[in-house]
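What follows is each chain in one-letter form.
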Amino acid sequence: MSQPTDAAWDATRYDHQHAYITRYGLEVVELLSPRTGERVLDVGCGTGHLTAEIAARGAEVTGIDASAEMIAEARRHHPGLAFEVADAASYRTDRPFDAVFSSAALHWMKPPEAVAAAIGGALRPGGRLVAEMGGRGNVLAFRTAIAAARAAAGLPGDPERHIWFFPGVEEYTELLARHGLAVTEAALFDRPTPIDGGRDGLRNWLEMFAGSFFADVDAETRPRIYEDVERRLEPERFRDGAWNADYVRLRFTAVRAA
Ligand code: BEZ
């Protein structure tokens, strides 16, 4: 998980309030199907729980993340594993990996061309990439409500701020191909996801993940804008005591040309 430009991750809070991210990531670990002894790079490893799952299946795994806070937490939880603070876009290794894995992280990493080039360079010929990320249309309801609340508060500028990269199947397939990675399977699918934290869940999500949208808003005004976002989303996205994020996932496997 790469770090937003204007806010450090609160790694403990990330773990406590967003456990569903690890839960869903386990499906991607299953898809990776790590084999005993193979070398795996976990790109955007966050607090390292999926890295540990990969290691538990017998692989020799290295987790990288741009956030020093996340890596510190990963090392604290999993002291026996290898973690490095590293930006995926400039990552280089002289010992290419058998597989690269990534879950819920690539949409934070920019520029995407540099990230794809680095992943291609980190794989041995014939090595595989198995990943899931936010795909085209991801959190559109959330983004729309944030934009509307900003506009209603008279805040100027482009609310999208290009903080995320949510590609479709074709776009990402072409991008990977430019870096020697041939997609073998890809799917874009909806995954409406209840957010932990009950009524406070959306506010926690906004604070943790959407800080860049509010970097120009002072601390006194923010709660008022959060309330407006909640009011706009409530009819469609608050159900049975939980906020539902309109996540769209892009899941794929690719192979580096031999
Ligand atoms: C995602 O996993 O799709 C995501 C999480 C936080 C912010 C934006 C996207």
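The coordinates are above.
Residues numbered from 1 in each chain as written. Predicted model: local features only at pLDDT ≥ 70, side-chain atom pairs only at ≥ 80, totals over all residues. Heavy atoms only, no water.

Some words on the site of the ligand
Selection criterion: Distances are taken per atom, and a residue is near a molecule or strand as soon as one of its heavy atoms is within 4 Å of it. Counting of polar contacts relies on pairs of N or O atoms within 3.5 Å, with two restrictions inside protein: one atom must be capable of donating a hydrogen and the other of accepting it, and residues adjacent in sequence are counted only when both atoms are side-chain atoms. Only the protein chains shown count as cover for residues, and all accessible areas are computed by the Shrake-Rupley method using a 1.4 Å probe. Only DSSP runs of H or I with at least four residues qualify as helices, and only runs of E with at least two residues qualify as strands; both kinds are numbered from the N terminus onward.
The ligand sits among His107, Trp108, Asn138, Trp164, Phe166, Trp205, Phe209, Tyr247 and Arg249. At 2.7 Å, a side-chain N or O of asparagine 138 approaches an oxygen atom of the ligand. Interatomic distance of 2.2 Å between a side-chain N/O atom of arginine 249 and an oxygen atom of the ligand. For the ligand, the protein covers 96% of the area, taking 260 Å² as the surface of the free molecule. Residue assignment for the shell around the ligand shows that the elements contributing at least two residues are helix 8 (201-209) and strand 8 (242-256).

A look at the packing of aromatic side chains
What counts, and what does not: Two rings from Phe, Tyr or Trp (for Trp, the six-membered ring) form a pair when their centres are within 6.5 Å of each other. A pair whose planes differ by under 30 degrees is stacked, one over 60 is edge-to-face, and the rest are tilted. Summary of the burial criterion: residues with accessible area below 20% of their type's maximum are buried, those above 50% are exposed, and those between are partly exposed, where the area comes from a 1.4 Å probe applied to protein chains only. In this analysis the charged atom, NZ for Lys or CZ for Arg, is taken to sit over a ring once it is within 6 Å of the ring centre and within 35 degrees of the ring normal.
Under the counting rule described, the total for this entry stands at 13 aromatic pairs. Ring plane angle 35° and centroid distance 6.2 Å describe the contact between tryptophan 108 and phenylalanine 209, whose orientation is recorded as tilted. On the criterion of sequence distance, the pair formed by tryptophan 108 in the loop between strand 4 (97-103) and helix 5 (112-122) and phenylalanine 209 in helix 8 is long-range, its members being 101 residues apart. What makes tryptophan 108 buried here is its relative accessible area of 9%. Here the aromatic rings of tryptophan 164 and phenylalanine 213 are separated by 5.4 Å at their centres, their planes lie at 55°, and the arrangement is tilted. Taken together, the residues tryptophan 164 in the loop between helix 6 (140-152) and helix 7 (169-177) and phenylalanine 213 in the loop between helix 8 and helix 9 (222-237) connect sequence positions 49 residues apart. Considered together, tryptophan 164 and phenylalanine 213 belong to a single accessibility category, that of buried residues. Aromatic ring contacts, followed pair by pair, group Trp108, Phe142, Trp164, Phe166, Trp205, Phe209, Phe213, Phe214 and Tyr226 into a single cluster. Here arginine 199 stacks its cationic end above the ring of phenylalanine 238, 4.1 Å away from the centre of that ring. We note arginine 249 situated over the ring of tyrosine 247; from NZ or CZ to the ring centre the distance is 4.8 Å.

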